[in-house]
Amino acid sequence: DGDHVADCGDNCPGLANAAQDDFDGDGTGDACETGARLCDADLSGRVAGRDLALLGLLFGKSCSSTGFDKRVDLTRDSWIYGDHLALLASFFGQPH
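Because the structure is predicted, anything quoted here is derived from the model rather than measured.

Cut-offs applied
Residues numbered from 1 in each chain as written. Predicted model: local features only at pLDDT ≥ 70, side-chain atom pairs only at ≥ 80, totals over all residues. Heavy atoms only, no water. Helix = DSSP H or I, 4+ residues; strand = E, 2+ residues; numbered from the N terminus. Buried < 20%, exposed > 50% of the residue type's maximum accessible area, 1.4 Å probe, protein only. Contact = heavy atoms within 4.5 Å. Disulfide = S-S within 2.5 Å.

Draft legend 1. Broad picture of the environment of A18. Looking at the element boundaries, A18 is found in the segment before α1 (35–39). A relative accessible area of 56% places A18 in the exposed class. Each C-alpha atom, one on A18 and one on D1, is 9.7 Å from the other, the two residues being 17 residues apart in sequence. Ignoring sequence-local partners within four residues, the contact set of A18 consists of D3 and V5.

This is the structure in structure tokens:
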């Protein structure tokens, strides 16, 4: 993909991402986490109720809150709020 990282060690082999950023630590690079893949916090393969429940538990919280879970910080800004819910809702029920 042109990022000079061997595919066997690349966390997003289809897209150039030399920094190999992985905000939520799930092993998939941020460059590959968009749309339904980003919203599938529990990595079940589908955006569903458990993802919504995870987001709901942290709604209104920030990264300084006890139990903050980066998997539901869909905008990567360290807060869980309405924009996150709207994004998840737009992909609800979809596989990735």
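Draft legend 2. Quick peek at the state of the cysteines. For the structure shown, the criterion picks out one disulfide. Free of any disulfide, C8 has its nearest cysteine sulfur in C12, 15 Å distant. Free of any disulfide, C39 has its nearest cysteine sulfur in C32, 15 Å distant.

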